[in-house]
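# Close look at the chain arrangement
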Amino acid sequence: MATSGVKVRDDCRTMFEEMKLKQKYKYIVYGMNKDNTMIEPLTNADEDNKNKTYDDFCNELPDTECRYGVFDLDFDLPSGGRRNKLVFYMWAPEGAKVKNKMLYASSKETITKALVGIAHNIEATERSELDQQPLIDYLITKIK
């Protein structure tokens, strides 16, 4: 896939590493800067969102603009025990402009390469595709 030439701001990686290694964030939402030349974190680095929920994450995804996000998904295994996986989301809602969708699609590889340690990628265009249970069911099958 062709890339867009968009760069990833350094604090995107820094925040992701803090999420992965220190569990500082439950999720991080990323977007483009005003010039559409740089991916930047939209989540406030100083805000403690460890106790936020998946619904909180989904509510930060607008209906008319694309976003990237990473969510630290915790789930129970049928055999007992808990697991967590870092899940990357590309949110490209139906209400977003075509140019915006194309820019995010062509820049996805750039950000996913920068965020090392992602367990699974989701591309969603409508809220129903954000349903958590099918993802958990899928991840459980990969653990067995």
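Residues numbered from 1 in each chain as written. Predicted model: local features only at pLDDT ≥ 70, side-chain atom pairs only at ≥ 80, totals over all residues. Heavy atoms only, no water.

## Details of the pairing of strand S2 (residues 27-32)
For clarity, the threshold we go by: A simple rule labels every residue: compare its accessible area, found with a 1.4 Å probe on the protein chains alone, to the largest value its type can have, and call it buried under 20%, exposed over 50%, or partly exposed in between. Only runs of H or I of at least four residues qualify as helices and only runs of E of at least two qualify as strands under DSSP, and these elements are numbered from the N terminus. Here a strand pair is declared whenever DSSP counts at least two bridges between the two strands.
Summarising burial for S2: 6 of the 6 residues are buried, a large majority. Of the two faces of S2, the one lined by Tyr27, Val29 and Gly31 and the one lined by Ile28, Tyr30 and Met32 are each fully buried. Summarising the sheet, S2 and strand S3 (residues 38-41) pair through 3 bridges and their orientation is antiparallel. Looking across to S3, one finds that Tyr30 is bridged to Pro41.

## With respect to the layout of surface pockets
Test applied: Lining residues are those with an atom within 4 Å of a point, where the points come from a 1 Å grid over the protein atoms alone and group into cavities, where a 1.4 Å probe fits but cannot get out, or pockets, open sets with protein on both sides within 12 Å along at least five of seven lines. Grid points are joined across faces, edges and corners, and a volume is the space filled by probe spheres set on the points. Gly counts as polar in this scheme, as do all residues outside two lists: the nonpolar Ala, Val, Leu, Ile, Met, Phe, Trp, Tyr, Cys and Pro, and the charged Asp, Glu, Lys and Arg.
Put simply, the largest pocket is a space of about 160 Å³. As for the largest pocket, its lining consists of Gly31, Met32, Asn33, Lys34, Asn36, Leu42, Thr64, Glu65, Cys66, Arg67, Asn100 and Tyr104. Tallied by class, residues from the lining of the largest pocket come to 4 nonpolar, 5 polar and 3 charged.

## Observations regarding the packing of aromatic side chains
The geometry of an aromatic ring pair is captured by the separation of the ring centres together with the interplanar angle, meaning the angle of the planes. For the record, the criterion: Centres within 6.5 Å make a pair out of two Phe, Tyr or Trp rings, where for Trp the six-membered ring is used; the pair is then stacked when the planes are under 30 degrees apart, edge-to-face when over 60, and tilted otherwise.
All told, the structure shown has 9 aromatic pairs when counted by the stated rule. On the basis of an interplanar angle of 15° and a centroid distance of 6.4 Å, the ring pair of Tyr27 and Phe71 is categorised as stacked. In this pair, Tyr27 is assigned in strand S2 and Phe71 in strand S4 (residues 67-76), connecting sequence segments 44 residues apart. Consider the rings of Tyr54 and Phe57, whose centres lie 6.0 Å apart with planes at 40°: the pair is tilted. Placement of the pair is Tyr54 and Phe57 together in helix H2 (residues 54-59), with a separation of 3 residues, close to one helical turn. Taken as a pair, Tyr54 and Phe57 share a single burial class, namely buried. Among the aromatic residues, those joined into a ring-pair cluster are Tyr27, Tyr54, Phe57, Phe71 and Tyr89.

## So, unusual backbone geometry
Of note, Gln23 is a non-glycine position whose phi angle comes to about 50°, a positive value. Considering the arrangement of structural elements, one finds Gln23 in the loop between helix H1 (10-22) and S2. At Asn36, a position not held by glycine, the phi torsion is positive, near 60°. By secondary structure assignment, the location of Asn36 is in the loop between S2 and S3. In this structure Asn36 comes out as partly exposed when scored by relative accessible area, which is 37%.

## Some remarks on helix H3 (residues 98-114)
As a reminder, the rule being used: Under the convention used throughout, the expected extent of a helix is 1.5 Å for every residue step, that is, one less than its residue count. Two axes are fitted around each residue, one to the seven residues ending there and one to the seven starting there, and the angle between them is reported as the bend at that residue.
In this model, H3 (17 residues) spans 25 Å end to end at C-alpha, consistent with the 24 Å of a helix rising 1.5 Å per residue. In H3, a bend of some 40° at Ser107 exceeds every other bend along the element. All of the buried residues along H3 are Asn100, Leu103, Tyr104, Ser106, Ser107, Lys108, Ile111 and Ala114.

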